[in-house]
Amino acid sequence: MKLSDSLAHNQSILLQAEAQDWQQAVKIGVDLLVEAGVVEPRYFNAILAGVEQFGPYFILAPGLAMPHGRPEEGVLKTGFALVTLKTPVCFGDEDNDPIDILITMAAVDAKTHQEVGILQVVNLFEDEANFDRLRACRTPQQVLDLINQTSAAAAEH
């Protein structure tokens, strides 16, 4: 499933959200996936438990986190949520904090997690300018347009 298709289908984009801390920021993304029927509510606690055990393992780059748990921790189907924060939050990752872009991912299996999820997000942020382009988006459609333009450009190379 394509990132943009999942976001559009699940109506799981929330821009300029308010979060007091990283846990609340992660919960916003998980709640969007719960509402869309992608994950069970327990998925949030699974992500928190993973951070407790391994640290913030899903920080991908400065300003960018990709919270996710394991398929058996409440994933019903593959999907994504994208949240930008009005005020960045810190995860305790000194190299990449503070974080203001979260792409919450739920994958039904490890292959989907690797091939679909990570690859599409890497494509999106391969161009550093896309961080600021995404931060400038004020509507879900602007986000979808940016992702689709990036995907089309990546396919041409």
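Further up the page is the structure itself.
Note that the coordinates shown come from a computational prediction; the quantities given were computed from them, not determined experimentally. (Residues numbered from 1 in each chain as written. Predicted model: local features only at pLDDT ≥ 70, side-chain atom pairs only at ≥ 80, totals over all residues. Heavy atoms only, no water.)

Student: Explain the sheet that holds strand β3 (residues 64-65) to me, please; I cannot follow it from the model alone.
Tutor: Where strands meet in a sheet, backbone hydrogen bonds hold them as pairs that are either parallel or antiparallel. Read from one edge of the open sheet, five strands run β1-β4-β5-β3-β2, paired in mixed fashion. Since the sheet does not close on itself, it has two edges, and those belong to β1 (13-17) and β2 (59-61), each with one partner. Alignment of β1 against strand β4 (residues 79-89), held across three bridges, turns out to be parallel. By the bridge assignment, Ile-13 is partnered in β4 with Leu-82. In the packing of helix α5 (residues 129-136) onto the sheet, contacts are made with β1, β2, β3, β4 and β5 (99-106), and the angle to β5 comes to roughly 90°. (Pairing = 2+ DSSP bridges. Helix = DSSP H or I, 4+ residues; strand = E, 2+ residues; numbered from the N terminus. Contact = heavy atoms within 4.5 Å. Axes fitted to C-alpha atoms, helices over the stretch in contact; angles between N-to-C directions.)

Student: Honestly, the pattern of salt bridges in this entry has me stumped. Any pointers?
Tutor: Note on pairing: side chains with opposite charge can pair once their charged atoms come close. If you walk through the whole model with that rule in mind, you get seven salt bridges. For the salt bridge of Glu-72 with Arg-70, the shortest nitrogen-to-oxygen distance reads 2.8 Å. Close ionic contact of Arg-133 with Asp-127 constitutes a salt bridge, the shortest N to O distance being 3.1 Å. Judged by its relative accessible area of 38%, Asp-127 is partly exposed. Via salt bridges that share partners, Asp-100, Asp-132 and Arg-135 belong to a single interconnected network. (Salt bridge = Lys/Arg side-chain N within 4 Å of Asp/Glu carboxyl O. Buried < 20%, exposed > 50% of the residue type's maximum accessible area, 1.4 Å probe, protein only.)

Student: What am I meant to see in α5 here?
Tutor: Side chains that are three or four residues apart share a direction in an α-helix, a result of its 3.6 residues per turn. Residues of α5 that are buried include every one of Asn-130, Phe-131 and Leu-134, and no others. Projection of α5 onto a plane perpendicular to its axis shows the buried side chains occupying an angular sector of 110°, all on one side. (Arc of directions from axis to C-beta.)

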